[in-house]
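# Structural overview for review
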Amino acid sequence: MVYSYYPGCTLKTKAKDLDRYARASAAALGIELQELPDWQCCGGVYPMAKDEIATKLSSVRALLSAKEQGNDLVTMCSACHNVLKQVNHDMATDENIVTKVANYMKLDEPYRGETKVIHFLELLRDGVGFDELKKHVVKPLKGVKIAPYYGCLLLRPGKVMAFDDPENPAIMENFIKALGAEPVVYAMRNECCGGYATLEKKAIAEKKATAVMDNAAANGAQMMITACPLCLYNLTKNAQGGVPVKYFTEVLAEALGVKEEA
Amino acid sequence: MQRIGVFVCWCGSNIAGTVDVKQVAEMLKREPGVVFSTDYQYMCSESGQNLIKDAIKEHGLTGVVVCSCSPRMHENTFRKAAASVGLNPYMVEIANVREQCSWIHKDMPVATAKAVILGRAAIAKVHLNAPLTAGESPVTKRALVIGGGIAGIQTALDIAEAGFPVDIVEKSPTIGGKMAQLDKTFPTLDCAACILTPKMVEASQQENINIYAYSEVDEVKGFVGNFSVKIRRKARFIKEDLCTGCGLCTEKCPMKKVPNEFNLGMDNRSAVYIPFAQAVPKVATIDANYCIKKKTGKCGLCSTVCGVGAIDYDQKDEILEEKYGAIVVATGFNPISVEKFDEFAYAQSPDVVTSLEYERLMNAAGPTNGTLLRPSDKQHPHTIVFVQCVGSRCDAKNEKGKQYCSKVCCMYTAKHAMLTREKYPDTDVYVFYIDVRTPGKNFDEFYRRAVEDYGVHYVKGMVGKVVPENGKLKVQASDLIANEQLHIDADMVVLAAAVEPDKSARPLATMLTASMDTNDFFTEAHPKLRPVESPTAGVFLSGMCQGPKDIPDTVSQASACAAKVIGLLAKDKLTGNPCVAHSNELLCNGCSSCEKVCPYGAITYSDKEFRMPDRTTAVRRVAEVNPAVCQGCGACTVACPSGAMDLYGFSNQQIMAEVDAICK
Amino acid sequence: MENTNLKERILEISGVNPRKCMKCGKCSGTCPNYDEMEYHPHQFVSMVEKGDIEPLMKAESLWTCLSCFACVERCPRSVEPAKLIEAVRLAVIRQQGANHLKPQDIPDKLDEDLPQQAIVSAFRKYTK
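Residues numbered from 1 in each chain as written. Chains lettered and ligands numbered in written order. Predicted model: local features only at pLDDT ≥ 70, side-chain atom pairs only at ≥ 80, totals over all residues. Heavy atoms only, no water.

Moving on, we get to the overall build of chain B. Across its full length, chain B carries 19 helices and 34 strands. Dimensions of chain B, computed from the C-alpha atoms along their principal axes, are close to 90 × 70 × 40 Å. Counting across all 664 residues of chain B, residues that qualify as buried make up 54%. Within chain B, contacts between residues at least 6 apart in sequence are counted, and of these 68% link residues at least 24 apart. By element, 52% of the accessible surface of chain B is carried by carbon and sulfur atoms, the whole surface being about 28800 Å². Side-chain charges in chain B split into 73 positive and 75 negative, and the spacing between the mean points of these groups amounts to 3 Å. (Helix = DSSP H or I, 4+ residues; strand = E, 2+ residues; numbered from the N terminus. Buried < 20%, exposed > 50% of the residue type's maximum accessible area, 1.4 Å probe, protein only. Contact = heavy atoms within 4.5 Å. Areas by Shrake-Rupley, 256 points an atom, 1.4 Å probe, with all protein chains shown as cover. Lys, Arg positive; Asp, Glu negative; His and termini not counted. Charge placed at Lys NZ, Arg CZ, Asp CG, Glu CD.)

Structure (structure tokens):
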């Protein structure tokens, strides 16, 4: 299985773990992740404005590049996934944006959202299959109670992301089960961690992240996992509570027995 | 050549406001065959009709064109007027210059020109009209009621009391429907069972009523007055005529872990069961999905303990075929699944319940025997939050919810809140609402009592998130009047889920060729003036299947529906529609296309002998239409590749003449 | 105080139709940062509808909305309040010299673990 891969800036710097454990796990599962050549930063947040295209162009370039490679585009970071998926939706549905982008980029043929953007978790669920994943697990995480933290970006807006039920998702729970661990279901798993507010108003991020962690802990979580570097930061740096937080790729690599070599 | 009279109606200012009626009358006077043309303020009035009658007599008219409203409104009026002075009613044509012209145009010259064209088309058709005579068909004096909730029961009782036999087909093992699951009823707070069960018993004892419980409609054929219906009597694995309802089998059944649907899965029942104490018919049913004997072949305990030998593990579904003159749809409703709205944590906590579940938790025959205990730990809740409009009043883009108001939630929530405060005064009760909608006799007074006498906290705002944590439900909500966000630690959250038509309604509508709206509610023949009839003749609507309704509305509609059914069954014969299809046997090539598209089963094929030119005979397979069954929909005339099928009153030639007149 | 031009611009940038709002308050019921906002999500909707936009442009709420999209996801009328807030925020920062975040402020705010994503996102939200 060959996929184009968009790691995103943070995975090259502060979130190297998210990236390298993903690559090691993918290799163990027979998945080839081909990093896109010369990708640019997605911008971190989806530009909602209907009247500007400049902020969408870096995403379009990545999407176009995957189209040229003829591959589905795999993302790892929740934020990049949200931006690429939403911009791709614009390109598939908003004729005004399609035309402006085509004109600006001098495209021979307009890009209309042909690339399929999938998050690595979706690849595990739909491409590999959790039953198949289970067969590759060599070190099951027996008895560990893991609380998945979705945050906002993987799920919302639900119709565009089409990732899972935005109010009662199950993909990460099933992922955790496949690794032999026990998922903790808790209501705050899709509430905001405080996001980029940590930069300006740390108190907000502290309050939000703590509320999330408290709820996970109250439901028996021994560990939390996430796909987002900023969520990981807020939960480890800003939350009071001390539940360890890891990238989902780290527990994956551990269960697949490839953590050490990663 | 016809002698045609044209009558242009003003409809007050409805038509005359946009169409120059005098000019239309003047222009149409110049059409070939038109010997008289005039206009009048209200052609449908007594004097308007007299104008038409007098003109027919005076000018010896052989055809009439009325330029007025839709033929759905007054075609019948004008046909009757013509018939009263001896003109065949099918020589009258309507040019719809209101709905299709004056109401949709603003510019008078444009509208006037179009009205003239529509009038010309009608004149062109009248030239080709021929007198038609309607046939008659007998009426089977028996009604079928599909659904045995309060709507179906009431309709059946009223029809039966008028002296006509009625069959009730109910898909579950007992009649009673949703009302049997309710605790108290607003606004009088009488107990639902106390007022419903006497009606259930009455229905079972009424000699004109025959209840087919645990049965479904498999097939419907025929037409008004003459329906033929196949009813599947599902195997209960119990001989209904022998079972005494003693309940011994249900006690002894070793399989006790079956989710009890009557209590919405909040407790369990046995595999052989009687849904509730007052069930009608009071007969046990074996649930084959759970019965150990049915699944493994071992057990058979119920058969051993049954004193009357009523258990029959080998029972099969039976199909009955019955004839009916009228069919009543009373298929009812269900609350929607609220799992898609999991910001309220219904899927995550047993203490978040729907209102119908709360109803069972309050009921003496419910899973907690009427003591309000929260499901997770069987403790008394002290703070309860009610959330209104869960899945109702949603935008069309919101696929999770319904666009309509469910109508019953405001009142039952007021009831729940009030009863909770009355029984447990130490309980804090919050109701989050968008609007409190209480139109109805003594309804607003009832809601005000909940606020003023019982101290229910009504908050204008909405719950946005429910977080189960440490045995509490942390409710986050807005209070729009105070402009603040509230955080309430609740013990229970009750969701007023939107209602939706029962899932059986859609396939039933297809069988009945009865129309539905986008929400799968059955459509009325007219939303104001014919609210209990389906546009399909002989099919009537009772209760929630037509739209959200509370019990008083449902019972009123059920009785209204019965009155319409009685009106039909009281007739010995029905005058048919002469505008039916007929086949030209010489052109028919026997392809069966018409037979396949006919929704009424009115077309059959037979081999016929034909005399050929050289004095030989040939046998050919040709179509034949049963005019009593044909509804004149015209599907066959379109499907026929050789042009053999045609419709009286709407012949291909007539329609082409209209098109030519319009395109001239 | 109606400002028709401004209102038209906000509606154009956001693509939101505030008339769809039925004033249920679910957006403000679900907003995780309600207490940090002097104008709440439902007020953004009703004030934009009224054309009362200047107060919103001066509001601290513009910088405390987390863009978490809870209000968008849960609105029964598909109004999308977060998109309106974004549009008002853009109307502010597109003005000359109105950037909310300045590059020279950044060094003080950094710690060694802060992911790049936070800085990039904040610049996208607060600066033009």
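From this point, the discussion proceeds with the structure in view.
This brings us to the interface of chain A and chain C. The interface is formed by 44 residues belonging to chain A together with 45 residues belonging to chain C. Carbon and sulfur atoms make up 57% of the area that chain A and chain C hide from each other, which totals about 3900 Å². Broken down residue by residue, the surface that chain A buries against chain C is led by Met48(A), Tyr196(A) and Leu199(A), which jointly contribute 23%. If you look at where chain A meets chain C, you find eight salt bridges. (Buried area = accessible area lost by both parts, 1.4 Å probe. Salt bridge = Lys/Arg side-chain N within 4 Å of Asp/Glu carboxyl O.)

Moving on, we get to the state of the cysteines. Each disulfide is one covalent bond, formed between the sulfur atoms of two cysteines. All names here are of chain B. Per the stated rule, a full pass over the model turns up one disulfide over all chains. Here Cys-191 is linked by a disulfide to Cys-194, with a sulfur-sulfur distance of 2.2 Å. Note on the Cys-191 and Cys-194 pair: the S-S dihedral is about 90 degrees, so by sign convention the disulfide is right-handed. In this structure Cys-67 is not part of a disulfide, and its nearest cysteine sulfur, from Cys-9, lies 9.6 Å away. Among the residues examined, Cys-67 registers a relative accessible area of 1% and is labelled buried. This cysteine, Cys-389, is not joined by any disulfide, and Cys-410 carries the nearest cysteine sulfur, 6.0 Å off. Here Cys-389 falls in the buried class, since its relative accessible area comes to 15%. (Disulfide = S-S within 2.5 Å.)

Residue and element names in this part refer to chain B. Taking burial as the measure, the seven residues of strand β24 (residues 463-469) include seven buried ones, the bulk of the element. Sheet topology places β24 next to strand β25 (residues 472-479); six bridges connect them, and they run antiparallel. Counterpart to Glu-469 in the pairing with β25 is Lys-472. The hairpin formed by β24 and β25 contains two residues between the paired strands, and Asn-470 there has a positive phi angle of roughly 50 degrees. (Pairing = 2+ DSSP bridges.)

Moving on, we come to the sheet that holds strand β23 (residues 457-460) of chain B. All names here are of chain B. Within the open sheet, the five strands sit side by side as β20-β27-β21-β22-β23. Their pairing is parallel. Each edge of the open sheet is held by one strand with a lone partner, namely β20 (352-354) and β23. Shown here is a sheet whose adjacent strand axes are inclined to one another by a mean of 20 degrees, direction ignored. Here strand β22 (residues 428-433) runs beside β23; their pairing, made up of four bridges, is parallel. Bridging from a neighbouring strand, Phe-432 pairs with Val-459 of β23. In the packing of helix α12 (residues 355-362) onto the sheet, the strands contacted are β20, β21 (383-390) and β27 (492-497), and the crossing angle to β20 comes to about 95 degrees. (Axes fitted to C-alpha atoms, helices over the stretch in contact; angles between N-to-C directions.)

In terms of nonpolar packing, the biggest core is built from 142 residues, with Phe120(A), Leu133(A), Phe175(A) and Met224(A) touching the most fellow members. If sequence neighbours within four positions are ignored, Phe175(A) has contacts with Leu121(A), Leu124(A), Phe130(A), Leu133(A), Ile225(A), Phe248(A), Val251(A) and Leu252(A). Of all hydrophobic cores here, the second largest spans 60 residues; its members include Ile150(B), Phe262(B), Phe276(B) and Val280(B). (Core = buried A, V, L, I, M, F, W, Y, C linked by side-chain atoms within 4.5 Å.)

Residue and element names in this part refer to chain B. Two elements in contact, helix α7 (residues 150-161) and helix α8 (residues 192-205), have axes whose closest approach is 10 Å; the angle formed by their N-to-C orientations is 45 degrees. By the angle class used here, α7 and α8 are oblique. Two packed elements cross with a definite hand, and for α7 against α8 that hand is left-handed. On the side of α7, the interface is formed by Ile-150, Ile-153, Gln-154, Leu-157 and Glu-161, while α8 contributes Leu-196, Lys-199, Met-200, Glu-202 and Ala-203. Considered class by class, the residues forming the contact of α7 with α8 number six nonpolar, one polar and three charged. (Parallel < 35°, antiparallel > 145°, perpendicular 65-115°, else oblique. Left-handed = near helix turned anticlockwise from the far one by under 90°. Nonpolar A, V, L, I, M, F, W, Y, C, P; charged D, E, K, R; others polar.)

Residue and element names in this part refer to chain B. Within the element layout of this structure, Ser-102 appears in helix α5 (residues 98-102). Judged by relative accessible area, which is 3%, Ser-102 ranks as buried. Setting aside residues no more than four positions away along its own chain, Ser-102 makes contact with Asn-14, Ile-15, Thr-18, Val-19 and Val-97.

All names here are of chain A. Across the eight residues of helix α8 (residues 171-178), six count as buried, placing the element largely inside the fold. All buried positions along α8 are accounted for by Ile-171, Met-172, Glu-173, Phe-175, Ile-176 and Ala-178. Structurally, α8 contributes buried residues whose contacts are with α5 (120-128), α6 (130-136), β5 (145-148), β6 (182-183), β7 (223-226) and α12 (248-255). Note on α8: the residue one or two positions beyond its end, Gly-180, has a positive phi of about 90 degrees.

As a further point, take the confidence of the model for chain C. All names here are of chain C. When pLDDT is averaged along chain C, the result is 94, and 98% of the positions lie at 70 or above. Within chain C, the lowest mean pLDDT, 88, falls on helix α8 (residues 106-109), and the highest, 98, falls on helix α2 (residues 26-30). Two numbers describe this predicted complex: its pTM, 0.91, and its ipTM, 0.96. (pLDDT = per-residue confidence, 0-100.)

Taken as a whole and judged by the stated rule, the model has twelve aromatic pairs over all chains. A ring pair is formed by Tyr196(A) and Tyr126(C), whose centres lie 5.9 Å apart and whose planes are at 80 degrees; its orientation type is edge-to-face. Of the two residues, Tyr196(A) sits in the loop between β6 and α9 (197-200) while Tyr126(C) sits in helix α9 (residues 116-126), which places them in two different chains. With 5.7 Å between their ring centres and 50 degrees between their planes, Phe7(B) and Phe36(B) make a pair best called tilted. Of this pair, Phe7(B) sits in strand β1 (residues 4-9) while Phe36(B) sits in strand β2 (residues 34-40), placing them 29 residues apart in sequence. Classification of Phe7(B) by relative accessible area gives buried; the value is 0%. A relative accessible area of 19% means that Phe36(B) is categorised as buried. By way of ring pairs, the aromatic residues Phe120(A), Phe175(A) and Phe248(A) are connected into one cluster. The positively charged end of Lys400(B) is found above the aromatic ring belonging to Phe341(B), 5.6 Å away from the centroid. (Phe/Tyr/Trp six-rings, centres within 6.5 Å; stacked < 30°, edge-to-face > 60°. Lys NZ or Arg CZ within 6 Å of the ring centre and 35° of its normal.)

All names here are of chain B. In spatial order, the strands read β10-β7-β6-β18-β29; together these five strands make up an open sheet with parallel pairing. Looking along the sheet, the strands with just one partner apiece sit at the ends: β10 (209-212) and β29 (539-541). Strand-to-strand twist of the sheet, defined as the mean angle between neighbouring strand axes without regard to direction, takes the value 20 degrees. Taken together, the four bridges between strand β6 (residues 143-146) and strand β7 (residues 166-169) define a ladder with parallel strand orientation. What sits directly across from Ala-143, in β7, is Val-166.

We now examine the domain arrangement of chain B. Partitioning chain B into structural domains gives domain 1 (4-128), domain 2 (143-233 + 317-331 + 504-569), domain 3 (248-305), domain 4 (334-500) and domain 5 (581-648). Relative to domain 5 of chain B, the C-alpha centre of domain 4 of chain B lies at a distance of 61 Å. (Domains from an automatic or database assignment.)

Residues and elements named next belong to chain B. The grouping of Phe-650, Ile-655, Met-656 and Val-659 at the surface amounts to a nonpolar patch, some 330 Å² of accessible area in total. Residue placement: Met-656 occurs in helix α19 (residues 652-663). In this structure Met-656 comes out as partly exposed when scored by relative accessible area, which is 47%. (Patch = residues over 30% accessible without salt bridge, like charges linked within 9 Å, V, L, I, M, F, W, Y side chains within 5 Å.)

Right, let's get into the domain arrangement of chain C. All names here are of chain C. The assigned domain composition of chain C is domain 1 (4-95) and domain 2 (101-128). Between the C-alpha centres of domain 1 and domain 2 there is a distance of 24 Å. Together, the buried faces of domain 1 and domain 2 total about 510 Å²; carbon and sulfur atoms form 59% of this surface. Together, Trp-63, Arg-89 and Ile-93 form the three largest contributors to the area buried by domain 1 at its contact with domain 2, with a combined 67%. The interface formed by domain 1 and domain 2 holds one salt bridge in total. A salt bridge links Lys-125 to Glu-86; the shortest N-O distance between them is 2.7 Å. Between the two partners, domain 1 and domain 2, sit three residue pairs in polar contact (both at pLDDT 80 or more). With four residues, the top contributor of residues to the side of domain 1 that touches domain 2 is helix α7 (residues 81-93). (Polar contact = N/O pair within 3.5 Å; in protein donor to acceptor, adjacent residues only side chain to side chain.)

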